[in-house]
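Each chain, letter by letter, is given below.
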Amino acid sequence: MRNLVCRLLMIAAVGGLMAAGAAQSAGTGTVAGIIDVYKTEVKTHGAKSFKDVVVYLEPTAPADYPPPVEHAVMDQRGLVFIPHVMAVQRGTTVDFLNSDHDRHNVYFLYDDTGETLDIGTWGPGQSVSHTFEKTGLVITLCQLHLEMAAYILVLEHPFFTMAEINPETQIAEYAIRQVPAGEYMLKVWHKKLKMKTGNVRVTVAAGQTTTVDVAITRAKYAE
Ligand SMILES: [Cu+2]
């Protein structure tokens, strides 16, 4: 009888430890830093330097994360796609709005295959939704206004953000939050600029912020 109680207590203790371990591995951390733009050897923190930079993490081990239920929104307003650059997780539905008095069209040019897809032409106040099922860069265009263009980066995982300017320091910053603890590759996407030193391996620890400052430059100056 005493043995049985002992064993039950042990099982309870081990169970408790396992629960604590699971809670810890389910914990999340943050990866954050500043963005520096190098023009040849010159480094700038200027207000333009952060524009349209996507910073994202790719897990080094296979990992499945369900796509968000909420839709993302891309507007057409004043003959401009807003935002100009957008990152979404694969499986995300994007609502394409028309806030102009003109008709607009939306068609996609898939950067990796060169394939195109026209999702239609619609009038003021209307919208059409599209779910992005493939990863990669999708150049988004309007057949009716050839000057209109936007970039949608479809990523496998939800760990991405757009760099933003800190109004106090005027320095571009990013922060990717709620990242499960583990190993990741930090990557950057910009229309013209690349990471100066290539992708960076990052360790995320639960409850902590890992600081990784990012330097980007024109492709020909990247290492
Ligand atoms: Cu248009």
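Relevant structure appears above.
Residues numbered from 1 in each chain as written. Predicted model: local features only at pLDDT ≥ 70, side-chain atom pairs only at ≥ 80, totals over all residues. Heavy atoms only, no water.

A.B. asks: Looking at this model, I keep getting lost on the pattern of salt bridges. Mind explaining?
C.D. replies: Two side chains with opposite charge may pair up if their charged atoms get near one another. With the rule as written, the count across this model stands at 4 salt bridges. A salt bridge links Glu-58 to Lys-187; its shortest N-O distance comes to 2.8 Å. With Glu-58 in strand 3 (residues 54-59) and Lys-187 in strand 16 (residues 182-189), this pair connects stretches of sequence that are 129 residues apart. For Glu-58, a relative accessible area of 30% corresponds to the partly exposed category. One salt bridge in this structure joins Asp-75 and Arg-77, with 3.1 Å as the shortest N-O distance. (Salt bridge = Lys/Arg side-chain N within 4 Å of Asp/Glu carboxyl O. Helix = DSSP H or I, 4+ residues; strand = E, 2+ residues; numbered from the N terminus. Buried < 20%, exposed > 50% of the residue type's maximum accessible area, 1.4 Å probe, protein only.)

A.B. asks: Sorry if this is basic, but what is going on with unusual backbone geometry here?
C.D. replies: Most peptide bonds take the trans configuration, and most residues that are not glycine carry a negative phi. Look at the link from Ile-82 to Pro-83: it is a cis peptide, with omega at 0°. Considering the arrangement of structural elements, one finds Pro-83 in the loop between strand 5 (80-82) and strand 6 (85-89). The residue Leu-79 is not glycine, and still its phi comes out positive at about 60°. In this structure, Leu-79 sits in the loop between strand 4 (72-77) and strand 5. Phi is positive for Gln-170, close to 60°, though the residue is something other than glycine.

A.B. asks: Mind showing me how you'd approach the coordination of the copper ion here?
C.D. replies: By definition of the ideal shapes, four donors in a tetrahedron about a metal sit 109.5 degrees apart, and six donors in an octahedron sit 90 or 180 degrees apart. Every protein donor of the copper ion is listed here as His-104 (ND1), Cys-142 (SG) and His-145 (ND1), and their distances to the metal cover 2.0 to 2.2 Å. Every donor residue of the copper ion comes from the same chain, spaced as H-x37-C-x2-H. Pair noted here: His-104 is in strand 8 (residues 104-110) and Cys-142 is in the loop between strand 11 (136-141) and strand 12 (149-155), with a separation of 38 residues, a long-range link. (Donors = N, O, S within 2.8 Å, 3.2 Å for Na, K, Ca; no water.)

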